[in-house]
Each structure stands twice: as C-alpha cells, then as structure tokens.
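Summary of structural features
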Amino acid sequence: MTTTPAPSSIPALPDEAIAVRIRNLNYFFGQGELRKQVLFDINLDLPKGEIVIMTGPSGSGKTTLLTLIGALRTVPDGSLKVLGRDIVGMGRSQLVDVRRNIGFIFQAHNLFDSLSAAQNVEMAVELAPNWREKRRQAVAILTQLGLSDRVDYKPKALSGGQKQRVAIARALVNQPPLILADEPTAALDKKSGRDVVTLMQQLAKSEGRTILMVTHDNRILDVADRIVTMVDGRLDSDENLGHFVDTHDPKTLDRRMFIL
Ligand SMILES: Nc1ncnc2c1ncn2[C@@H]1O[C@H](COP(=O)(O)OP(=O)(O)OP(=O)(O)O)[C@@H](O)[C@H]1O
Ligand SMILES: [Mg+2]
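For clarity, every value in this text was computed on a predicted model and none was experimentally measured. (Residues numbered from 1 in each chain as written. Chains lettered and ligands numbered in written order. Predicted model: local features only at pLDDT ≥ 70, side-chain atom pairs only at ≥ 80, totals over all residues.)

1. Structural notes on the overall build of the protein
When helices and strands are tallied, the protein shows 8 helices and 10 strands. Relative to its 260 residues, the protein shows a buried fraction of 37%. The contacts in the protein between residues at least 6 apart in sequence include a share of 69% that link residues at least 24 apart. (Helix = DSSP H or I, 4+ residues; strand = E, 2+ residues; numbered from the N terminus. Buried ≥ 20, exposed ≤ 12 C-beta atoms within 10 Å, placed from the backbone. Contact = placed C-beta atoms within 7 Å.)

Rendered as structure tokens:
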C-alpha cells in the first residue's frame with residue numbers, strides 16, 4: 001500500500017474531549033524465549049462522539065489493542081487512559097469497574113442458549129427497578145435492531161446475523177459511553193449491516209458515544225470520522241475519511257480488506 005503522510009495524527013484536544021488516550025503503548029504475549037511483541041509504540045486518541053474504524057491484515061494486533069482499551073487485559077506498559085481513568089497498572093477489580101462503562105461487541109456472540117433473545121439482553125441491564133422495566137429496555141433495543149418479532153426466540157432458532165444483533169443489543173442496552181466492536185457486521189447481510197452501523201452512527205452523533213470498530217467491511221467505511229490502519233503491530237496511518245479515500249487506490253483497498 002502506498003502511504004502518504006497523514007495529517008497530524010494526534011489532535012491537540014483537551015482531556016475532557018477525549019474518551020481514550022493511548023501513548024507509547026507496547027504489548028507482549030508469552031514469557032521468556034517465547035515472549036513476542038505484538039503492539040509497538042501505539043499512539044491514538046479517540047475523541048468523544050467519534051466513530052473510528054480500525055482496519056488492517058489478520059494478525060496485525062487489532063483485537064489485542066481492542067481488549068487492552070476494553071480493560072480486558074492488564075496493561076503493563078505505556079499510558080492508556082479510558083474515560084478519564086489511567087488503567088496502566090490497575091488490578092482486576094478496578095478493571096472490572098472500568099468495563100462497566102464499555103459496550104463490547106465481539107466476534108463470538110456468547111449468547112446463553114437456554115434464554116430467549118430478550119432474556120439474553122435483560123441479563124445485561126444494570127439499572128432497572130424491576131423485571132418489567134428490564135424487559136421494556138431489552139425489547140426496545142431489540143426492536144431498534146430489527147428483531148421485534150424475534151424477542152422470545154432462543155438463539156438456536158435465530159440465524160447467525162440475528163444472533164449477532166442480539167449480542168449488539170446486549171452491548172448497547174446500558175447506553176455505554178464507549179463501544180468497542182470487533183467485526184460487528186461480519187455475519188450480517190448488506191441491509192442488516194447497514195442498519196447496525198446506522199444505529200451506531202446515531203449513537204455517536206446524537207448521544208456523544210465513542211465507537212472504535214474493527215472491520216474489513218469496506219461497505220461501511222463511510223460512517224467513520226477517522227480510519228486507522230494497523231500493520232504488524234503498528235498504527236500505520238491515522239487519517240480522516242476524505243484523506244483515506246484520496247490516498248488509497250480503490251482496488252488496493254478492496255484487496256487489502258478482503259484477503260483477511
Ligand atoms: N493469547 C495469545 N497468546 C499469544 N499470542 C497471541 C495471543 N492472542 C493473539 N496473539 C498473537 O498476537 C498477534 C495479534 O493478534 P490479534 O488477534 O490482535 O490480531 P488481529 O489483527 O485481531 O487479527 P484478525 O484480523 O485475524 O482478527 C498475532 O500474531 C497473534 O498470533
Ligand atoms: Mg481480531
């Protein structure tokens with residue numbers, strides 16, 4: 001890929017305007033001789049209310065970075081601030097506390113097979129005085145995701161894309177200020193994928209939520225405020241959509257996004 005120097009990748013925004021601020025982050029898997037560095041000197045800001053799309057080849061470190069930002073792993077090195085809290089060196093219970101403010105949409109759906117779609121979402125509802133209100137919130141978000149006629153179905157009676165949407169509903173039901181999504185549209189057809197990203201765009205624009213989304217799906221790139229590319233554990237470029245489109249040959253773009 002040809003890369004043209006991107007505009008300054010680190011905007012000088014004040015701390016209050018930033019949901020995630022990463023400086024000089026390195027990450028290693030394994031111990032001793034097997035120790036292998038997978039993230040190299042990552043610097044990235046996610047401003048509040050923005051949708052940032054992360055793309056890049058398989059194995060380049062996207063999911064690893066997402067799980068670090070999501071406080072799903074301890075962060076030994078560098079600086080990583082999530083929603084105003086520095087999570088480097090935090091213990092497990094503090095990390096759990098940070099996680100309460102994050103909606104995760106990961107590749108594996110992890111739905112409970114014995115529960116209906118609505119019950120799977122109800123399980124995640126944190127603030128509700130009673131089950132009736134939990135149910136109301138669950139049905140409302142499932143309806144927004146086009147599943148109003150499937151709320152009482154169990155996962156085995158749902159298609160892959162429908163299950164994915166239940167998982168998305170579960171991640172969004174508590175209205176988290178930060179949403180981390182790993183290939184949220186991978187199992188969806190064109191229309192459902194578009195519905196999901198349109199909903200995300202509404203959340204970001206009208207409610208100021210911050211979204212970091214890993215995707216190889218170039219049909220949805222247009223919702224991004226910025227696109228970052230990870231290559232071999234490094235953030236290769238960090239640019240706004242206009243710059244990305246201007247500087248990438250569409251054919252190269254397609255190939256890079258679909259061989260993954
Ligand atoms: N638990 C682990 N232990 C050791 N190495 C790991 C572990 N998880 C991931 N890796 C390695 O870290 C590197 C980055 O993996 P990661 O899953 O972050 O890539 P990715 O960009 O999300 O790829 P994909 O697009 O295939 O999902 C890979 O080389 C992978 O083999
Ligand atoms: Mg991954």
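2. A word on the environment of Q94
Turning to its location among the elements, Q94 is positioned in helix α2 (residues 92-99). Spatially, the C-alpha atom of Q94 lies 9.1 Å from that of A71, the residues being 23 residues apart in sequence.

3. Remarks on the site of ligand 1
Close contacts around ligand 1 come from 11 residues, with F29, S58, K62, T63 and T64 the closest. Looking at which element gives the most residues to the shell around ligand 1, the answer is helix α1 (residues 62-69), with 3 residues. Considering only residue class, the shell around ligand 1 consists of 3 nonpolar, 7 polar and 1 charged. (Near = placed C-beta within 6 Å. Nonpolar A, V, L, I, M, F, W, Y, C, P; charged D, E, K, R; others polar.)

4. Remarks on helix α4 (residues 131-144)
Counted at 1.5 Å a residue, the expected span for α4 with its 14 residues is 20 Å, and the 20 Å between its end C-alpha atoms agrees. Residues of α4 that are buried make contact with α3 (117-122) and α5 (160-172). Phi turns positive one or two residues past the end of α4, at G146, with a value near 80 degrees. (Expected span 1.5 Å × (residues − 1).)

5. Focus: unusual backbone geometry
Of note, the phi angle at N24 is positive, near 50 degrees, even though the residue is not glycine. Even without a glycine there, the phi angle at D232 is positive, about 50 degrees. Considering the arrangement of structural elements, one finds D232 in the loop between β9 (226-231) and β10 (234-240).

6. Notes on the sheet that holds strand β4 (residues 79-82)
Pairing within the open sheet is antiparallel, and its 4 strands lie in the order β2-β1-β4-β5. At either margin of the open sheet sits one strand with a lone partner, and together these are β2 (36-47) and β5 (85-86). α1 contacts β1 (18-29), β2 and β4 of the sheet and is inclined by roughly 60 degrees relative to β2. (Pairing = 2+ DSSP bridges. Axes fitted to C-alpha atoms, helices over the stretch in contact; angles between N-to-C directions.)

7. Focus on helix α6 (residues 190-207)
For α6, which comprises 18 residues, the first-to-last C-alpha distance of 25 Å matches the rise-based estimate of 26 Å (1.5 Å per residue) to within 8%. Along α6, the residues that are buried comprise G193, V196, V197, M200, L203 and A204. Summarising the axial view, the buried residues of α6 lie within an arc of 110 degrees, below the 170-degree limit, and thus occupy one face. When the buried face of α6 is taken as reference, the exposed residues oriented beyond 90 degrees from it are K190, K191, T198, Q202, S206 and E207. Two residues or fewer past α6, G208 is found with a positive phi of approximately 70 degrees. (Arc of directions from axis to C-beta.)

8. Concerning the environment of N101
In this fold, N101 is placed in the loop between α2 and β6 (102-105). Separated by 75 residues in sequence, N101 and P176 have C-alpha atoms that sit 5.1 Å apart. Dropping the residues within four chain positions of it, N101 is found in contact with L83, P176, P177 and L178.

9. Quick notes on the nonpolar core
Grouped together as the largest cluster of nonpolar side chains are 59 residues, with contacts concentrated most on V121, L142 and A169. Examining the composition of this core, we find that 6 residues originate from one element, α5, more than from any other. No fewer than three residues from each of domain 1 (17-101 + 177-187 + 205-260) and domain 2 (109-175) sit in this core. Among all residues touching V121, those that are not within four sequence positions of it are A138, I141, L142, V166, A169, R170 and V173. (Core = buried A, V, L, I, M, F, W, Y, C linked by C-beta atoms within 7 Å. Domains from an automatic or database assignment.)

10. Description of the environment of L127
Along the chain, the position of L127 falls in the loop between α3 and α4. On the basis of neighbour counts, which here come to 9 C-beta atoms within 10 Å, the residue L127 falls in the exposed class. With 46 residues separating them in the primary sequence, L127 and V173 have C-alpha atoms 10.0 Å apart.

11. Considerations on the pairing of β1
Where β1 and β2 come together, 8 bridges link them in antiparallel fashion. Looking across to β2, one finds that Y27 is bridged to L39. Adjacent in sequence and paired antiparallel, β1 and β2 are bridged by 6 residues, among which G30 carries a positive phi angle near 85 degrees. As judged from the 4 bridges shared by β1 and β4, these two strands associate in the antiparallel manner. Pairing of V20 across the sheet is with V82, part of β4.

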